Every structure is written in C-alpha cells, then in structure tokens.
Amino acid sequence: MSRVGARVIVCAALVVAVGGCHHPVFGLTTSNDNDATALASALSRRQLPESPMPLGATHQPRAYVAVQGGARAIVAFELAAGKPAWRVDADVQSRIAVGGDFIVELEGKQLVARDQARGAVRWKLAGAGTLIGTAADRDRAYAVWHDGSHYEIAAYDGASGGKLWAADAEGALGAPAAQGGLVYVPFFAQWLSILDGKTGAPLARLRGIDEQISMLHTTSQAAYFGSKQGVFRLDARSASGTRAGGTYAQLKIPPQLDRTSYGVDSYDPVQLAYTAADRARVLLRSEATDAAGPMRLAGDGYAIHYFRYVFGFGAGGELRWAYSHPRVELVSTEHTGYVIVGVAANGDVVALEPQTGAVRFRGSLGTGADHVLGATFDADGWSPSSQSEPIETVAALVGITRDHDARFDRVKELAVQALAKLPGAEVTKELLGVLADPRAPQKLKDTVVELLVARKDPSSLPVLTAQLAVHTDYLLRTEPDALGPVAKAIAGLAGAPLDPKQVADALVALQSHLDAPATATPDLVLVIAAMSAIGGGAERSALGSHLLLYHADDDLGNDPSWGPAIVRALDKHGGPGEHELLRYVAEDPRTQPALAAAIRDGLPAR
Amino acid sequence: MTRRRLRGGWVLGLALCSGLGGPAAAAPAGKRPPPAPAAPKVKVKVPGAEEIAGYATALAGTDVEAAAKAADALGALDLPAAHDALLDGLAMGLPATVAAPALTALAVHPAPPDVAALIRYVGHHNLNVRAAALTALATYADPAAHAAVINGLHDAAGLVRGAAAAAAAKGRIRSAIEPLFQLLGRGEEPAARALAALADPDLVAKIADQLGKVPDAALAQCLGYILKRADFGPDPARVEVVRAIAKIQDPAAIAALTDYIDVTPKNPPRPSRGEAERLVEARLGGGK
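Just so it is clear, the structure is predicted and the values come from calculations on it, not from any experiment.

Here we look at the overall build of chain B
Each helix and strand counted, chain B has 16 helices and zero strands in total. Contacts spanning at least 24 positions in sequence make up 65% of the contacts within chain B whose residues lie at least 6 apart.

Digging into the overall build of chain A
Each helix and strand counted, chain A has 14 helices and 29 strands in total. The C-alpha radius of gyration computed for chain A amounts to 32 Å, which surpasses the reference 25 Å derived for 606 residues by more than 25%, pointing to a less compact arrangement than a globule. Dimensions along the principal axes, computed over C-alpha positions, put chain A at roughly 110 × 55 × 40 Å. Taking contacts inside chain A between residues at least 6 apart in sequence as the whole, the part at least 24 apart equals 58%.

A word on the pairing of strand β18 (residues 223-226) of chain A
A regular strand places its side chains on the two faces of the sheet in alternate fashion. All names here are of chain A. Here β18 shows no split at all, with Ala223 and Phe225 on one side and Tyr224 and Gly226 on the other all buried. One ladder, built from four bridges, connects strand β17 (residues 215-218) with β18; its direction is antiparallel. Looking across to β18, one finds that Leu216 is bridged to Phe225. Relative to strand β19 (residues 231-233), β18 runs antiparallel, the two being bridged by three bridges. Residue Gly226 lies in a different strand from β19, and its bridge partner there is Val231. Connecting the antiparallel pair β18 and β19 is a turn made up of four residues.

Observations concerning the confidence of the model for chain B
Residue and element names in this part refer to chain B. On average, residues of chain B score 86 in pLDDT, and 83% of them reach the 70 mark or higher. Predicted confidence for residues 7-40 stays below pLDDT 50, and this span has 61 contacts to residues more than four positions away or in other chains. Predicted as a complex, the structure gets a pTM of 0.70 and an ipTM equal to 0.86.

A closer look at the pairing of strand β23 (residues 309-314) of chain A
All names here are of chain A. The buried count for β23 comes to five of six residues, which makes it a mostly enclosed element. Here strand β22 (residues 301-306) runs beside β23; their pairing, made up of six bridges, is antiparallel. Paired with Gly301 across the strands is Gly314, a residue of β23. Between β22 and β23, which follow one another and run antiparallel, lie two residues, and Phe307 among them has a positive phi close to 60°. Between β23 and strand β24 (residues 319-324), which pair antiparallel and follow one another directly, the connecting turn spans four residues, one of which, Gly317, has a positive phi of 95°.

A closer look at the sheet that holds strand β25 (residues 330-335) of chain A
All names here are of chain A. Taken in spatial order, the four strands line up as β25-β26-β27-β28 in an open sheet, and their pairing is antiparallel. This sheet does not close on itself; its edge strands, each paired only once, are β25 and β28 (359-364). Mean inter-strand twist for the sheet, computed between neighbouring axes without regard to direction, equals 15°.

With respect to the environment of Lys170 of chain B
All names here are of chain B. Its place among the elements puts Lys170 in helix α9 (residues 158-170). For Lys170, a count of 16 C-beta atoms within 10 Å corresponds to the partly exposed category. In this structure, the C-alpha to C-alpha distance between Lys170 and Ala138, residues 32 residues apart in sequence, is 5.9 Å.

Notes on the packing of helix α11 (residues 189-198) of chain B against helix α13 (residues 216-228) of chain B
Residues and elements named next belong to chain B. Two elements in contact, α11 and α13, have axes whose closest approach is 8 Å; the angle formed by their N-to-C orientations is 35°. For the crossing formed where α11 meets α13, the hand is right-handed. Residue-level inspection shows Glu189, Ala192, Arg193, Leu195 and Ala196 of α11 in contact with α13, the latter providing Ala218, Gln221, Cys222, Tyr225 and Ile226. Per-class residue counts for the contact of α11 with α13 are seven nonpolar, one polar and two charged.

Here's the deal with the environment of Pro80 of chain B
With respect to the secondary-structure elements, Pro80 of chain B resides in helix α4 (residues 80-92). Expressed as a C-alpha distance, the spacing of Pro80 of chain B and Ala111 of chain B, which sit 31 residues apart in the sequence, is 9.5 Å.

Comments concerning the confidence of the model for chain A
Per-chain confidence: chain A averages 91 in pLDDT, with 94% of residues scoring 70 or above. Long-range and interchain partners of residues 1-23 of chain A, a stretch whose pLDDT sits below 50, account for 31 contacts in this model, where long-range means more than four residues apart.

Some thoughts on the packing of helix α12 (residues 562-572) of chain A against helix α14 (residues 593-602) of chain A
All names here are of chain A. Packing of α12 against α14 brings their axes to within 8 Å, and their N-to-C directions diverge by 40°. By the angle class used here, α12 and α14 are oblique. In the crossing of α12 with α14, the sense of the turn from one axis to the other is right-handed. The residues of α14 that touch α12, namely those facing Gly563, Pro564, Val567, Arg568 and Asp571, are Ala594, Leu595, Ala598, Ile599 and Gly602. Its residues assigned to classes, the contact of α12 with α14 shows six nonpolar, two polar and two charged.

Let's talk about the environment of Val503 of chain A
All names here are of chain A. Here Val503 is to be found in helix α9 (residues 500-514). Taking the C-alpha atoms as reference points, Val503 and Pro462, 41 residues apart in sequence, are found 8.6 Å from one another. The contacts of Val503, once residues within four sequence positions are left out, are Leu498 and Ile534.

Notes on the sheet that holds strand β15 (residues 191-196) of chain A
Residues and elements named next belong to chain A. Strands sit in the order β13-β14-β15-β16 across an open sheet of four strands; the sheet is antiparallel. A single partner strand is all that each edge strand has here, and the edge strands are β13 (177-179) and β16 (202-207). Shown here is a sheet whose adjacent strand axes are inclined to one another by a mean of 20°, direction ignored. As judged from the six bridges shared by strand β14 (residues 182-187) and β15, these two strands associate in the antiparallel manner. The residue bridging Pro186 from the neighbouring strand is Leu192, located in β15. Against the sheet, helix α2 (residues 36-44) makes contact with β14, β15 and β16, and its axis sits at roughly 125° relative to β16, the strand it touches most.

Here we look at the interface of chain A and chain B
Interface size is often expressed as the accessible area that is lost when the parts come together. Contact with chain A, which involves 32 residues of that partner, is made by 29 residues of chain B. Counting residues per element, the ones that place at least two in the side of chain A that touches chain B are α9, α11 (540-550) and α13 (576-587) of chain A. The residue inventory of the side of chain A that touches chain B, partitioned by class, reads 16 nonpolar, seven polar and nine charged.

Concerning unusual backbone geometry
Note: most residues except glycine have negative phi, and most peptide bonds are trans. Between Gly233 of chain B and Pro234 of chain B the backbone carries a cis peptide bond, its omega angle lying at 0°. Within the secondary structure layout, Pro234 of chain B lies in the loop between α13 and α14 (235-246). The peptide bond linking Asn267 of chain B to Pro268 of chain B adopts the cis configuration, its omega dihedral lying at -5°. One non-glycine residue, Arg477 of chain A, lies in the positive phi region at around 55°. With respect to the helices, strands and loops of the structure, Arg477 of chain A is situated in the loop between α7 (461-467) and α8 (483-491). Among the residues examined, Arg477 of chain A registers 7 C-beta atoms within 10 Å and is labelled exposed. A positive phi angle, close to 55°, is found at Ala482 of chain A, a residue other than glycine.

Considerations on α12 of chain A
Within α12 of chain A, the full set of buried residues consists of Trp562, Gly563, Ala565, Ile566, Val567, Ala569 and Leu570 of chain A. Its buried side turned inward, α12 of chain A meets α10 (521-535), α11, α13 and α14 of chain A.

A short note on α14 of chain A
Residue and element names in this part refer to chain A. Three or more residues of α14 are buried, namely Leu595, Ala598 and Ile599. Summarising the axial view, the buried residues of α14 lie within an arc of 100°, below the 170-degree limit, and thus occupy one face. For α14, the exposed residues set more than 90 degrees away from the buried face come down to Pro593 and Asp601.

Rules and cut-offs
Residues numbered from 1 in each chain as written. Chains lettered and ligands numbered in written order. Predicted model: local features only at pLDDT ≥ 70, side-chain atom pairs only at ≥ 80, totals over all residues. Helix = DSSP H or I, 4+ residues; strand = E, 2+ residues; numbered from the N terminus. Contact = placed C-beta atoms within 7 Å. Rg over C-alpha atoms; globule rule 2.2 N^0.38 Å. Buried ≥ 20, exposed ≤ 12 C-beta atoms within 10 Å, placed from the backbone. Pairing = 2+ DSSP bridges. pLDDT = per-residue confidence, 0-100. Axes fitted to C-alpha atoms, helices over the stretch in contact; angles between N-to-C directions. Left-handed = near helix turned anticlockwise from the far one by under 90°. Nonpolar A, V, L, I, M, F, W, Y, C, P; charged D, E, K, R; others polar. Parallel < 35°, antiparallel > 145°, perpendicular 65-115°, else oblique. Arc of directions from axis to C-beta.

So this is what it looks like as structure tokens:
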C-alpha cells in the first residue's frame with residue numbers, strides 16, 4: 001500500500017470516529033496528485049446503474065423547474081407522463097440538486113430539502129456562509145460554503161439534514177458534484193478532489209496539468225470535468241492530468257456560437273443559480289473506453305444549445321441539423337443519452353433526437369404566465385415513446401436567418417452558411433430572401449452574397465432568374481432586389497451543367513437589366529460578367545450592341561470598370577466578328593480613351 | 001476596318017436588334033417604302049450622294065456640335081439615303097449630345113425600321129437621350145413603339161416620364177391612359193396635360209371621377225387643359241368640365257377657370273364660359 005493510500009485510510013478512520021469534524025482535505029500539498037492507483041480505487045467504489053436511469057427513487061424521468069410568477073416556485077414535471085407532479089411556492093435562489101428521494105436548493109438564505117413525492121419541506125438549515133453550490137446523491141446532500149477566505153464542503157443526511165461531515169479548504173472550492181457515493185470537488189481551479197460521500201475521506205485528487213478544472217457535470221453513469229477549452233471524461237486515464245493522456249475532447253464550436261461552454265462554471269458565484277449561461281451549452285454523451293485516444297462521442301456527434309436554437313454536429317464539426325424553438329428561448333437543456341430535453345422560458349418542454357434533431361416530445365409545464373428561471377433534469381436514459389415529428393432543419397435554419405433579434409446576428413451567419421451547403425432551388429430562394437429583407441444586417445447580406453457565389457448549384461438558376469424580374473419602376477415603386485449579388489451568383493454557375501432553356505431565360509432577364517437605364521454601373525459590370533459566364537456565345541450580340549451604344553458615351557465609356565468588363569465578355573466567346581468589332585471600336589476616334597485602352601490591353605494583336 | 005464593312009457584317013443586325021429575343025429582334029432592316037411619286041411642279045435642289053456622305057461623316061465625327069447639326073440636316077432631307085445615314089449613325093453609337101438630335105431627326109420622316117433603333121435608345125443611361133427617343137416614338141403606330149412609350153411612363157426620371165406622357169398624347173396611345181392616371185395620382189403635370197389631350201367626353205367623366213383620388217391641383221390642371229383645347233366640345237361637354245372643376249376646392253380650380261375665361265372670347269357667348277364666370281365670381285366673391 002502506498003503512503004498516500006495509508007494516509008487516506010487513516011484519515012477516513014478518523015472521520016468515521018469523530019463524525020463531522022473538519023479535517024485538512026484540501027491543500028496545496030495535502031494530496032498526492034494524479035495517483036493512478038488511488039483514482040482507479042476511487043472510481044471502482046462508485047455505485048452506478050447498469051443502464052442510464054434517473055436518480056430519483058421512482059426512477060421516473062423528471063424536470064425540477066424553478067419558475068417565477070408572482071412569487072417563485074418549483075414545479076416537478078413528470079416527463080414520461082407529460083404533466084406536472086406538483087408545484088410548491090419556494091424562493092429558489094440556486095440550482096436544484098436531485099437526490100434519491102429529495103431535492104435540495106437554496107431558498108432565501110437557507111439550504112432546504114424537499115421530498116420528491118409532494119415537494120414538502122423535509123428540512124432546512126443555515127449554512128456556514130455563502131453557498132457556492134450544492135449536489136446530492138441517493139442518501140446525502142452536499143454543499144460548499146464560503147465565508148471570507150474560508151471554504152468548506154459539508155455533507156448532510158438527506159432524510160434529516162443532519163451534518164455528517166465537513167472539510168475545510170485552504171483555497172477556493174467550486175460547486176461540487178456527486179455520483180454513486182463519491183463527491184467531486186473542484187479546488188483552486190486546478191484540482192479535482194474525489195471524496196467518499198459517506199465519510200468525506202479524500203480518495204484521490206486530479207491536477208489539471210494543461211487545462212484548468214472549472215467545470216463538472218455528472219450523469220447516472222459518467223462524470224465529466226474540464227473548462228471552457230474542453231472536456232474530460234472521468235476515468236482511469238484521467239490520472240495523467242493531461243489532454244493527451246486523458247479521455248478528452250475539444251469540440252469544434254463555431255465562432256458564431258462563442259458563448260458556448262461545456263458546463264456550469266463551478267467557481268462563478270453567479271452560476272450558483274440558473275443563468276443565461278445555461279442557454280449556451282454543449283450537450284454530449286461519450287462511450288466508456290479503456291483504449292487510449294480522444295473521447296469517443298456517442299452517436300459520433302454532439303449538440304449545442306444556443307438560446308432559442310439547438311444545433312447538431314458531427315464529430316468533425318459539420319452541422320447535421322438545427323432546431324429553432326418557436327418564439328422563446330430554451331432556458332435549460334440536458335442530454336439524457338437518448339434525447340436532448342429542454343425547457344423553454346414559457347414552460348414548453350421539448351425533446352429532440354440527438355442524431356437528427358427530430359422532435360420526439362412536446363409538452364408544457366402548464367404554468368400559465370410563469371416565467372421559467374431554469375431547470376434541473378433527473379431524466380438520464382429517458383427516451384420518449386411518442387412518434388417523431390418530421391425533421392425541419394431547413395425550416396429551422398430559415399427561421400434563424402429571419403429572426404430579427406439583433407443578439408443572434410452571428411448565429412444567422414452560421415445558419416446561412418449551413419443553408420448554403422444544402423442543395424436545391426428552395427434554399428437559394430431563402431438565401432435571396434435574406435438579401436431582400438431590409439432588416440437583415442448588412443454583414444449577413446455580405447455573407448449571403450459570398451455563399452450564393454460559392455454555392456454553384458445549377459438548380460438555383462431559375463430562382464436567380466426569377467429574382468431578376470423586378471426592375472426599377474416609378475409607378476410600381478419597385479427596385480431590383482440585390483441585382484449585383486444575383487448576377488454574381490449566376491456568374492458563379494459558369495461551367496456548371498445548366499439547362500439550355502433556363503440559360504436562355506436567364507440571359508433575357510439579365511439583358512433586361514443590361515438595357516435598363518437605372519442599372520448602376522457596378523451592377524452593370526456584374527450583369528455583363530454573368531451573361532458572359534453562362535451565355536456560351538448567345539450573349540454576344542446583346543453585349544456587342546451595348547458596347548456600340550456606349551463606346552462614345554462620356555460617362556459609361558470612361559468608367560474604369562465597365563470598359564474592361566465588356567471587353568473581357570466579348571473576347572471570351574468572341575469569334576472573328578467580335579474581335580473585329582472590338583478593333584473597330586478601339587480605332588473609332590470617338591471612343592472614350594479608357595475604353596480604347598481597355599480594348600488594347602485586353603485584345604492583343606492576333 | 002471601315003464602318004461600312006463592319007455595318008455590312010453582323011453588327012448591323014445586333015445593333016438594330018436587341019439581341020436576345022427582344023421585340024425588335026425580328027424587325028427587318030429594310031428601307032422605308034419609296035415616297036409616292038411627286039408631281040414635278042417645282043424644281044428643288046436634290047442633295048447629291050456626296051452631300052449626304054458629308055453629313056454622315058460629320059455625324060460620325062468627333063466634333064459633337066457639327067455632328068448634331070449634321071443630324072438635323074439629315075433629318076430635314078426626305079431621302080432614303082439621308083435616313084439610312086441616321087440609322088447607320090445610331091446603330092454604330094453616338095455620344096449623348098449627338099444621339100438626342102439624331103433620334104429627333106429620324107422621326108421627321110418616319111419609316112418602320114426606325115422603331116427598333118429608337119427602342120434601343122429608350123433604355124439609354126442618359127435621360128435626355130431617353131426622352132428624345134420616346135418623343136420620337138410618338139410618331140410611329142407600331143405596337144412596339146406604343147409599348148415603349150408606356151414603359152417610359154414608369155421611368156425613374158421625371159423628365160423621361162414627362163416625355164413619355166407627351167408622346168402618349170401625341171401618339172393617341174389609349175393604352176397609356178391607366179398609367180397616366182397613376183401619374184396624375186402622383187400630381188404629375190405632364191400626365192395631366194397628356195390626359196387632357198387624349199380626353200373625349202367619356203374620358204372626361206373618368207377624369208372627373210378622380211376627385212378625391214388624385215391631388216386636387218393636378219385634377220384641376222387636367223380639366224383646365226381640356227377646357228382650353230380648341231378641338232374639345234361641343235359646349236355642353238365643356239359645361240360638364242366646368243362643373244367638374246367647380247367641385248374642386250383647391251385654388252388651382254379657380255386658376256383653371258380663370259385661364260379658360262381669359263382665353264375664350266366673350267362672343268359668341270358660350271354657356272361654358274358663362275358658367276365658369278359665375279363660379280369664379282361666386283368663389284372669389286364669397287358666394288354673394
């Protein structure tokens with residue numbers, strides 16, 4: 001037996017003997033960090049279910065929801081039955097921790113335990129200072145308290161509230177988590193102490209060597225820790241203390257979802273309670289493995305809850321699906337292993353299939369006008385039996401792009417990027433809809449233009465052509481919608497297999513803008529380029545006529561962009577006739593100098 | 001490379017046609033029908049080919065003032081060669097300051113092939129050129145010309161809309177009436193003038209019905225223009241116009257009636273003038 005192991009046993013014996021005494025569990029030098037043997041031993045003591053299941057005594061999936069109407073209250077919602085079990089007034093000031101047959105949370109200034117059957121108060125007590133966080137397992141509640149420079153974790157009997165043990169810390173403790181008889185306590189943002197929940201005895205301690213430990217999250221079968229940068233699955237390999245040696249994942253979080261985190265920041269006093277931080281969260285499950293290597297994500301993917309939206313990603317970061325919750329934000333979400341369950345601010349409850357985003361359950365807390373503050377789910381393993389609704393990823397992405405909430409402008413960029421990767425004319429139509437939306441931010445429109453150009457989807461041509469139908473019209477009070485971007489997108493189809501009839505229609509539509517007096521020169525240049533890109537020669541006569549019409553024009557003939565554009569276009573598919581025309585124009589003394597120079601530059605002597 | 005050679009190739013086709021299925025695409029580039037044989041009563045000097053060629057050269061020259069004068073001169077000549085020289089110049093492209101007089105000159109002796117050339121210029125970026133093309137198109141009965149004029153009523157530039165309205169009136173383009181009403185609704189004076197020019201008793205009734213739907217001043221202006229038309233009548237129809245104006249409260253109504261009184265002789269007495277006098281007196285005299 002190692003010296004540390006012996007010390008642990010002695011300490012544990014002392015704890016049992018004195019019951020509830022404070023002992024120096026936490027300290028910079030009081031533990032042997034990253035001891036693989038101690039860690040394996042500690043993890044082997046966990047009493048975990050064979051399959052994922054709720055911790056509550058009835059093992060029925062539930063959400064415990066903090067709501068605010070006139071006063072604050074807790075609603076226990078039976079997910080399987082789709083209805084509330086009870087509602088009690090409670091001045092909830094913290095997250096709700098779920099134990100075996102009780103829940104525990106801060107109410108006012110007191111730690112209060114309520115029974116799960118009816119929500120009645122089972123016990124309440126004043127703590128040793130300010131609450132940092134709570135946790136619970138089948139039999140006990142745990143709380144970390146802070147008073148001045150003093151931190152303490154204490155364990156309480158779930159049935160009576162009697163204090164079982166407590167441990168002081170020489171530095172900052174974070175909010176704890178409990179699982180299968182163990183208590184996980186972050187310390188000084190660098191360590192994760194693993195204690196015996198029954199005695200408070202320290203069993204092992206992990207030190208993050210290349211990553212902070214500021215996040216903790218447990219399910220019925222797995223525990224995760226990490227930071228804003230990434231997430232470890234707690235297993236024997238965690239003893240390495242490193243990303244490379246542990247079961248670790250650093251997921252691709254799109255920059256547009258930059259507020260996303262892997263879990264509650266254990267050290268943030270604000271996150272003691274439910275906050276907006278809960279609305280930007282990675283949702284994942286991983287597979288247990290003894291093999292070395294990075295974390296293996298269940299379903300080979302993960303999801304991100306971001307306010308009103310949930311996005312599903314493949315392990316490589318590619319967007320698989322999107323869900324947009326109607327009207328209001330989802331305030332809390334959880335991955336049960338089979339669905340992603342969420343509660344919205346208005347009391348909607350929704351469950352999504354993690355692989356596809358299909359809605360598998362819809363319900364409501366029935367709280368009327370209550371505003372949901374947050375929720376804790378005890379729903380591990382819940383898989384609703386109701387039939388899935390159709391998957392509406394395109395509709396969700398479109399809904400996101402059309403959301404006028406300025407807070408989500410960057411999310412809209414993500415949505416249009418995802419949309420643009422999908423084929424089909426309908427998608428093009430939706431992207432064009434963004435350009436036509438006067439309330440859409442300019443940056444988003446710029447992104448859409450780039451995406452339309454890069455899209456190169458032949459089936460989009462009729463939609464783009466239809467967009468060209470609108471002209472400047474004084475009587476109809478119309479202006480072309482995004483003429484330049486549409487022309488650019490059509491030009492992007494150069495070389496794509498296009499239907500000849502659709503090309504002919506597009507050329508007619510483009511020529512209507514070529515010949516329109518209101519077409520501004522920058523757009524005109526793009527129209528010329530588009531005609532040249534797809535015309536295959538059919539555009540030559542129209543462009544030749546256009547060149548002759550304006551070659552002596554003081555304005556257009558001297559424009560530095562128009563001249564090269566029309567010369568390039570005529571040269572591209574031009575035969576001897578077009579080159580003859582260009583040479584004639586270059587030699588015509590009336591031709592504006594800029595145009596003549598463009599021809600000389602663009603049409604070397606042949 | 002010469003213009004003549006170039007024109008002899010495909011350029012003539014593309015220049016006269018709009019290229020991609022436009023209405024003029026199939027228009028033949030033929031010449032005007034020969035003028036009816038004139039009786040050789042008076043000897044006039046017929047310009048020779050050299051003189052026309054000189055004008056044509058000037059039209060295609062860099063001196064825009066001389067080119068504009070050449071356009072005028074060619075337009076004045078009722079000769080196919082002169083007309084062709086104008087078409088040729090327009091086909092090859094002219095500076096805006098030359099294009100406008102050339103378009104006007106072309107319509108002095110209209111011929112069917114002109115329409116395609118004119119339509120090519122109604123989309124020109126220079127609004128004076130567009131206005132000139134629309135004005136010229138008024139001379140042609142071709143439906144394509146009418147369609148272009150109506151399209152001009154939708155133009156973003158007021159000057160061009162005004163030219164289109166005048167062209168609609170001059171060309172008696174009845175299908176322009178509806179868009180002209182829309183322009184009247186926006187208070188546009190050229191539309192008032194054009195509607196007045198097109199008005200027959202039926203249209204007068206429709207115009208009078210616009211009370212409350214279009215600005216009072218524009219309506220009064222329109223009805224006033226009708227009253228001043230020498231060809232509008234008989235007088236009972238004018239009386240109806242006067243009564244329609246009387247319903248308009250805007251001071252423009254009094255101005256329209258006063259104008260009518262001023263330009264109409266007292267004798268022989270016209271009931272419409274008398275009615276207008278009574279109305280003006282009543283309005284200005286406070287109804288005493």
